[in-house]
Structure formats: structure tokens, C-alpha cells
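As a plain string of letters, each chain reads:
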Amino acid sequence: MKIKVGRMFFSKKTVIERYEEEFKTEHMRNKHIFYDLNIRAGDPEELRSFSMELLEDLGFTTILNEMTKFDDPEFEGIFRGGRLKPTKSIIKSLKELDKGSKFPIIWKIFLAIGIVSLLLYVLPWSLVQESTILSEWKSYSLWIGGIFILAAIIVYYIKEKIGLAVWIKIAGIYDVEDEKCDVHLMISGDSEKKDKEAFKKLENDLAELYDVISRKYIKRKEKEPKITIGREPEIQALNSLREINKEIDNLQKRFTEGKVSEETYKQLKEELERKKDRYETILDIVTAGK
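Residues numbered from 1 in each chain as written. Predicted model: local features only at pLDDT ≥ 70, side-chain atom pairs only at ≥ 80, totals over all residues. Heavy atoms only, no water.

Caption draft 1: The arrangement of the packing of helix α4 (residues 44-57) against helix α8 (residues 196-216) in detail. Relative to each other, α4 and α8 sit at 150 degrees, their axes nearing to 10 Å. It follows that α4 is roughly antiparallel to α8 by the angle criterion. For the element pair α4 and α8, the recorded crossing hand is right-handed. Every residue of α8 that contacts α4 at E46, F50, S51, L54 and L55 is listed here: L209, V212, I213 and K216. Considered class by class, the residues forming the contact of α4 with α8 number 6 nonpolar, 1 polar and 2 charged. (Axes fitted to C-alpha atoms, helices over the stretch in contact; angles between N-to-C directions. Helix = DSSP H or I, 4+ residues; strand = E, 2+ residues; numbered from the N terminus. Parallel < 35°, antiparallel > 145°, perpendicular 65-115°, else oblique. Left-handed = near helix turned anticlockwise from the far one by under 90°. Contact = heavy atoms within 4.5 Å. Nonpolar A, V, L, I, M, F, W, Y, C, P; charged D, E, K, R; others polar.)

So, in C-alpha cells, the structure goes:
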């Protein structure tokens, strides 16, 4: 029974895993809009704050704003003399686009019934008397017309809302002494529905975001980070990722065998996933442009 529960548990992604999945480079590239920019900035914290402020100015609400720290001793020395530190920030923001009425046909039908009812009310009584149905309806037509026109107005103002989402990932190297960072900045955006108006709005917003950022910060001409030392950081990151994946597999095996509790499993799994994400960030940095 424990084994069955265990398998059910670790087949589900944790919240942190789902967010990390969204910010993987290959997933960001597959969104409707994708911008890729290599820039030089000052403090990476300032760049992150500036990007978030731009999104808020465009009407987006930030639901995730996180900066990864590489303070563990094992990350020291991966880049030149410990003076250069990896940096990674992720931002996710959402906005709702109000389109036309959610029920365009219904409000038009209600309006038509309301108008016909009011027209019936103003018809000469002699014409109405010729029809029993019209005669009976005329006595209620004013109320019916008013109710249907009011209903049409209410339905008309029930607007269709389409969710727009923007993901920003900033990954690079921060020079502690010079207080400068060379970063790879990625911006992607998508709409919850394939809608031309939504896509157009998103395209305009992200074009403005990209334009402001690229004008404020200096573009790097080099495709590859000039501050890495050969392939050493890449090899270290790959080796560490292999080890972490082995640890995760071993942890899952121990959990299914009932050797660790669910609470312990969750805690250790989350720590390993964070560690894995940091090494994947380093790998992203040193392989940028390849």
C-alpha cells in the first residue's frame, strides 16, 4: 500500500517544479512570442526590479518574482576566483484582456425582442385589434420591452476576458568587484486562447518592453560569455547534474520502499530540485549562444 501511495505522490510535480518547468529555455522558446537579448547591466537586482516595473506599467500583475542565490560553498570557484558569481532571476506576470461581450448573439436577440415589444406598444390600437395575439401582447409589451432591453444591456456588459502571461528569465554572471553583470535575458509571452486581438495586444506590450530594456542597457556583441574559463564550468555543471539526478532517483526508490516518510521525502526532493535548478542555470549561462 505504501508503494502505491508513493508512486502516486512522486508522479505529481511540486509547485516549485512546475514553475521551474515553465522557465526552461526550450519551453520559453515555444511560446507565441519570444525575445532573446544579451546585455550588460549594473546590479542584477536593479535589472530585475526595472523589468518588473515595466510590466506593471503595461498593466501586468506580477505573481512570481524570484532571485536565485548561489551562496553554497560548492558553487565557489566555478567561475574565475570566486569574484564572478552566477545570477538568475525569474518573473511571471499576468494580465486580463477585456474583449467584446461574452454572449454577442444573446444580447442582440434580447435587444431585438425588446425593440419589437416597444414598437408593438406604440402601434395604433385599431391595427392591434385585428390580431388576438397582438392584442393580448400589447397590454404587456411595455413591460416586456423594458425587461428585455435591460437584460440586453446587462448581457452586453458581461465581457469576455482572455488571460495574457509573460515570463522573464535573467541569467548571467555578476562581477562583484566591478558591480557589473553580463546576462542573457529572455522574454516570452502567450495567451490562454488563440485570439488575434489578444496576440496583437501581447505583441505590442512585449515589443515595448523589449525596446525599453534594449535601449537602457548596453547590448553585448559576444554571443558566448567571455568570462568563463574554457569548458570547465560546463563540465562541472554536467557532472553535478548527473549526481543530483542519481540522488533524486535514489530518494524516490527509498520512498517507495517505505524507508523515508512523505514529509522527509518532500523536503529532500525540494532541496534537490532547487540545487538542480541552480546547476541548470550555470549550464544555461556557459552554453549561451552555442
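From this point, the discussion proceeds with the structure in view.
Caption draft 2: Quick peek at the pattern of salt bridges. Summed over the entire model, instances satisfying the criterion amount to 10 salt bridges. Here E45 ties to R48 by a salt bridge, and the two come within 2.6 Å at their closest N and O atoms. Taken as a pair, E45 and R48 lie in helix α4 at a separation of 3 residues, close to a single helical turn. Given a relative accessible area of 29%, E45 falls into the partly exposed group. The exposure class assigned to R48 is buried, which follows from its relative accessible area of 10%. Of the charged contacts, one joins D98 and K161 as a salt bridge, the two residues approaching to 2.7 Å between their closest N and O atoms. Placement of D98 in strand β3 (residues 84-101) and of K161 in strand β4 (residues 159-175) is noted, with a sequence separation of 63 residues between them. When salt bridges that share partners are traced, they join K95, K201 and D205 into one network. (Salt bridge = Lys/Arg side-chain N within 4 Å of Asp/Glu carboxyl O. Buried < 20%, exposed > 50% of the residue type's maximum accessible area, 1.4 Å probe, protein only.)

Caption draft 3: Spatial organisation of the nonpolar core. One finds I39, L47, V166, I168, I187, L209 and I213 to be the most contacted residues of the largest nonpolar core, which totals 29 residues. Taken together, the elements giving at least two residues each to this core come down to β1 (33-41), α4, β3, β4, β5 (180-191) and α8. For this core, the leading source of residues is β4, giving 6 residues. Apart from the residues within four sequence positions on either side, I187 is in contact with M28, I33, F34, Y35, V166, W167, I168, L206, L209, Y210 and I213. If you look at the next biggest cluster of nonpolar residues, it comprises 13 residues, including F70, I244, L251 and Y265. (Core = buried A, V, L, I, M, F, W, Y, C linked by side-chain atoms within 4.5 Å.)

Caption draft 4: How the structure looks around the environment of D57. Assignment of secondary structure puts D57 in helix α4. In this structure, the C-alpha to C-alpha distance between D57 and L209, residues 152 residues apart in sequence, is 9.8 Å.

Caption draft 5: Fine view of a negative patch on the surface. Taken together, the side chains of D43, E46, E53, E56, D57, E177, D178, E179 and E208 present a region of like negative charge at the surface. Ranked by residues supplied to the negative patch, first place goes to α4 with 4 residues. Among the structural elements, E46 can be located in helix α4. (Patch = residues over 30% accessible without salt bridge, like charges linked within 9 Å, V, L, I, M, F, W, Y side chains within 5 Å. Areas by Shrake-Rupley, 256 points an atom, 1.4 Å probe, with all protein chains shown as cover. Lys, Arg positive; Asp, Glu negative; His and termini not counted. Charge placed at Lys NZ, Arg CZ, Asp CG, Glu CD.)

Caption draft 6: Representation of α8 in the model. With 21 residues, α8 should reach 30 Å at 1.5 Å per residue; the first-to-last C-alpha distance of 30 Å fits that figure. Regarding α8, the residues found buried are A198, F199, L202, D205, L206, L209, I213 and S214. Looking straight down α8, one finds its buried side chains confined to an arc of 155 degrees; they lie on one side. Away from its buried face, by an angle of more than 90 degrees, α8 presents the exposed residues K196 and R215. Sitting at the head of α8, D195 places a side-chain oxygen 3.0 Å from the backbone nitrogen of E197. (Expected span 1.5 Å × (residues − 1). Arc of directions from axis to C-beta. Polar contact = N/O pair within 3.5 Å; in protein donor to acceptor, adjacent residues only side chain to side chain.)

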